[in-house]
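# Descriptive analysis of the structure
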Amino acid sequence: MIAPPLADKPSREAAPVGSRLAASLIPTSRFGGAMPWVIALFTALVVIAAAGGLALDNLAGNARAQLSGAVTVQVVEAEPALREQKAARAAEILTEEALVRSVRVVPRAELVELLEPWLGEGATSGEVPIPALIDVELTRTADTAEIAALSRALEAEVPGARVDAQSDWLRPVYDALAALQYLALALIALVACATAAAVWLAARSAFANNRETVEVVHLLGGTDGQVTRIFQRAVIRDAAFGSLVGAGLGVAAVWVLGRQFAGLDSGMVAGGALGLQDWAAIATIPLLAVALAALTGRITIAFALRKML
Amino acid sequence: MIDKPGEIVKFDNVGLRYGTDPEVLTDLSFTLYPGSFYFLTGASGAGKTSLLKLLYLAQRPSRGAIRMFGKDMITLPRRRLPDFRRRLGVVFQNFRLVEHLSAFDNVALPLRLAGTEEPRVRKAVADMLEWVGLSHRAEARPPSLSGGEQQRVAIARAVIARPQMLIADEPTGNVDPEMALKLLRLFEALNTRVGTTVVVATHDVQLLRKVPDSLIMRLHKGQLSDPTGALRFPPRPGGSAASGPAGTRDAR
């Protein structure tokens, strides 16, 4: 009798599954299923939402930086000569304050030019009393108490002078921007949940379709870890393709939108431009999508395997 | 239950039922020893495949105790089952080849799961396929193989990793007599040269006669037909196939 050609006795320990074996055991056609395209869609949405949120953050931050270190002083006085005197005195007092870096009394011609679109001829005729305005740049961001102290000091010397923190005017705008940022965050969270759900369904379906193979691998001594890694590789491959395509689409959309807004030539909108750090953050989105898909796939398969002996 | 030295499998009052159906295996108590060759016989529906499922750890019993390789399989944590399955080689009744893998990759699967280096896998699988006469079909996928060819691939897959125990469910059912004999010689070679314990389920009486040193376990309606468990075949002079060696309860 010719002896059978048996292999050397292999290890009884579980071994890592090689890429060739893993690729061959799950016969999904490359990029054939819906999952890569669903992930591409979701990644594009996350990139757009994240870019929008970051742009709003930049816009609000720039505006806040410009405005929080400045106040405007109004001197309300109907008599023009007295108003000029009071404005000059207010400027003197403000200049002496340690908190104040610079003071500029806004020239009357500039005020008229600013108000003319709203007041029409009333602005130039002198019939409408226009308060004197003083732009005050502070050495630092002042809190409410410091602004109030400045206001009291001024009011004591110059009756009718009123200090307005410029940031107060824009508070509703800031609030709206913050709301939009929260909306972007919520959208990102929802899309992440939807992505996880899509991967969960796809992994369950793949597991069901390959249940016979999984059982055979188990009975030949394959461990849960080996089986999980086999499926995880398929999930990572699909997610990597989908997230890269989605990131590409999302970045293209953001770029086009950026060009459109840049065309508005508005100083405020320009403050929302994305910086290098922002693009770096956006670049992590496809990586996070792959990590989320891999984790979801792993958990899904691990739970499915627990139901098998 | 305490193992006697050298016991590889020990069943004690094992019963198996699926769901709420009546038991398909009842009060099975027997012992298998290392290096022995067993035939499991019985009519269709006698419970051979169910018993084999318990042996190759695809099923836990409904009651009773099973020890394999010195460990209690009833309380063994699920995560430790692969360690024991790697000691087994199984030829399934319907082969259970992975349909989208080639014959070569199917045979290579146990070695690859065990982490054998690829050059050694390729050499061992090529040699094994040549031995079972399927070198020319190495790249063929199971659906394109004949029943006999699939069976030989399944057997090659079961034995290639030198299992401590080989369990085969009707392994020669689809091959011609010449190939059946050759495969049986493969099992014998594993048994005598490597020391593999072999359990072959079959209803082919001719097959039983070809391994004279084998022991027979006869199942009838889910019960071993004789409380001694595995019995010698052919019968000793004055005895019958249903009578075991005097003074023993176990398989030899």
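It should be emphasised that the depicted structure is a prediction, and the values quoted were computed from it without experimental measurement.

Thresholds, definitions, all that
- Residues numbered from 1 in each chain as written.
- Chains lettered and ligands numbered in written order.
- Predicted model: local features only at pLDDT ≥ 70, side-chain atom pairs only at ≥ 80, totals over all residues.
- Helix = DSSP H or I, 4+ residues; strand = E, 2+ residues; numbered from the N terminus.
- Buried ≥ 20, exposed ≤ 12 C-beta atoms within 10 Å, placed from the backbone.
- Contact = placed C-beta atoms within 7 Å.
- Expected span 1.5 Å × (residues − 1).
- Core = buried A, V, L, I, M, F, W, Y, C linked by C-beta atoms within 7 Å.
- Pairing = 2+ DSSP bridges.
- Axes fitted to C-alpha atoms, helices over the stretch in contact; angles between N-to-C directions.
- Parallel < 35°, antiparallel > 145°, perpendicular 65-115°, else oblique.
- Nonpolar A, V, L, I, M, F, W, Y, C, P; charged D, E, K, R; others polar.
- Left-handed = near helix turned anticlockwise from the far one by under 90°.
- pLDDT = per-residue confidence, 0-100.
- Arc of directions from axis to C-beta.

### Observations regarding the overall build of chain A
- In terms of regular secondary structure, chain A is built from 12 helices and 4 strands.
- When each of the 309 residues of chain A is scored for burial, the buried share is 31%.
- If you take every contact in chain A between residues at least 6 apart in sequence, the share linking residues at least 24 apart comes to 87%.

### Remarks on helix α8 (residues 171-209) of chain A
- Look at α8(A): 57 Å from first C-alpha to last across 39 residues, which is about the 57 Å you get at 1.5 Å a residue.
- Listed in full, the buried residues belonging to α8(A) are Ala184(A), Ile188(A), Thr195(A), Ala198(A), Val199(A), Ala202(A), Ala203(A), Ala206(A) and Phe207(A).

### What to know about unusual backbone geometry
Residue and element names in this part refer to chain B.
- The phi torsion at Leu57 lies on the positive side, around 60°, for a residue other than glycine.
- Of note, Leu57 is situated in the loop between α1 (48-55) and β4 (63-68).
- In this structure, Lys221 takes a positive phi of about 50° despite not being glycine.
- Looking at the secondary structure, you find Lys221 in the loop between β9 (215-220) and β10 (223-224).
- With 14 C-beta atoms packed within 10 Å, Lys221 lands in the partly exposed category.

### Topic: the nonpolar core
- Judged by nonpolar contacts, the single largest core of 119 residues is most densely connected at Val47(A), Ala50(A), Val107(B) and Ile167(B).
- It is helix α2 (residues 35-67) of chain A that contributes the most residues to this core, 15 residues altogether.
- Dropping the residues within four chain positions of it, Ala50(A) is found in contact with Ala184(A), Ile188(A), Ala281(A), Ile282(A) and Ile285(A).
- Ala90(A), Ile134(A), Leu150(A) and Ala161(A) belong to the second largest nonpolar core, which has 15 residues in total.

### Looking at the sheet that holds strand β5 (residues 71-72) of chain B
Residues and elements named next belong to chain B.
- The strand order across the open sheet formed by 4 strands is β2-β1-β4-β5, and the pairing between neighbours is antiparallel. At either end of the open sheet lies a strand with only one pairing partner, and these are β2 (25-32) and β5.
- Note that β4 and β5 share 2 bridges and pair antiparallel. The residue bridging Met68 from the neighbouring strand is Lys71, located in β5.
- Contacting β1 (9-16), β2 and β4, α1 crosses the sheet at an angle of about 125° to β1.

### Some words on the packing of helix α5 (residues 147-159) of chain B against helix α6 (residues 177-194) of chain B
All names here are of chain B.
- Running from amino to carboxyl end, α5 crosses α6 at an angle of 5°, the nearest separation of the two axes being 12 Å. It follows from the interaxial angle that α5 and α6 lie roughly parallel. Touching Gly148, Ile155 and Val159 of α5 are Met179, Leu183, Leu186 and Leu190, all from α6.
- Along the lines of polarity and charge, the residues of the contact of α5 with α6 split into 6 nonpolar, 1 polar and no charged.

### Focus: the packing of α8(A) against helix α12 (residues 276-306) of chain A
All names here are of chain A.
- At a closest axis distance of 8 Å, the pairing of α8 and α12 adopts a crossing angle of 45°. Taken together, the axes of α8 and α12 are oblique relative to one another. In this structure, the crossing between α8 and α12 has a hand that is right-handed. Judged by residue contacts, Ala192, Thr195, Ala196, Val199, Trp200, Ala203, Arg204 and Phe207 of α8 engage Ala289, Leu292, Ala293, Thr296, Gly297, Thr300, Ile301 and Ala304 from α12.

### Details of the sheet that holds strand β2 (residues 100-105) of chain A
Residues and elements named next belong to chain A.
- Here 4 strands make up an open sheet; going across it, the order is β2-β3-β1-β4 and the pairing antiparallel. Looking along the sheet, the strands with just one partner apiece sit at the ends: β2 and β4 (161-165). On average, adjacent strands in this sheet sit at an angle of 25° to one another, irrespective of strand direction.
- Here strand β1 (residues 70-75) runs beside β4; their pairing, made up of 5 bridges, is antiparallel. Across the sheet, residue Val71 finds its bridge partner in β4, namely Ala165.
- Its contacts with the sheet place helix α3 (residues 80-96) against β1, β2, β3 (132-138) and β4, and it is angled at close to 10° to β3.

### A look at the environment of Ile130(A)
- Topologically, Ile130(A) is positioned in the loop between α5 (121-125) and β3.
- Taking C-alpha positions, Ile130(A) is 13 Å from Gly160(A), a pair spaced 30 residues apart along the chain.

### Describing the confidence of the model for chain B
Residue and element names in this part refer to chain B.
- When pLDDT is averaged across chain B, the result is 83; 87% of the residues are at 70 or more.
- By mean pLDDT, the top-scoring element of chain B is β4 (94), and the lowest-scoring one is strand β11 (residues 230-232) (49).
- Taken together, the stretch residues 232-252 has pLDDT below 50 and engages in 41 contacts with residues farther than four places along the chain or on a different chain.
- Interface confidence for the predicted complex, given as ipTM, is 0.84, next to a pTM of 0.70.

### Comments concerning α3(A)
All names here are of chain A.
- For α3, which comprises 17 residues, the first-to-last C-alpha distance of 25 Å matches the rise-based estimate of 24 Å (1.5 Å per residue) to within 8%.
- Of all the positions in α3, only Lys86, Ala87, Ala90 and Leu94 are classed as buried. Buried residues of α3, viewed axially, fall in a sector of 105°; they line one side. Opposite the buried face of α3, at more than 90 degrees from it, the exposed residues are Ala81, Glu92, Thr95 and Glu96.
- Turning to α3, the residues buried within the fold contact β1, β2, β3, α6 (144-157) and β4.

### Concerning the pairing of β9(B)
All names here are of chain B.
- Among the 6 residues that make up β9, 5 are buried, leaving the element largely enclosed by the rest of the structure.
- Where strand β3 (residues 37-41) meets β9, 4 bridges bridge the pair, whose relative direction is parallel. Residue pairing in the sheet places Tyr38 in a bridge with Leu215 of β9.
- Here β9 runs beside β10; their pairing, made up of 2 bridges, is antiparallel. What sits directly across from His220, in β10, is Gln223.
- Here β9 folds back onto β10, and the loop between the two strands holds 2 residues, one of which, Lys221, carries a positive phi near 50°.

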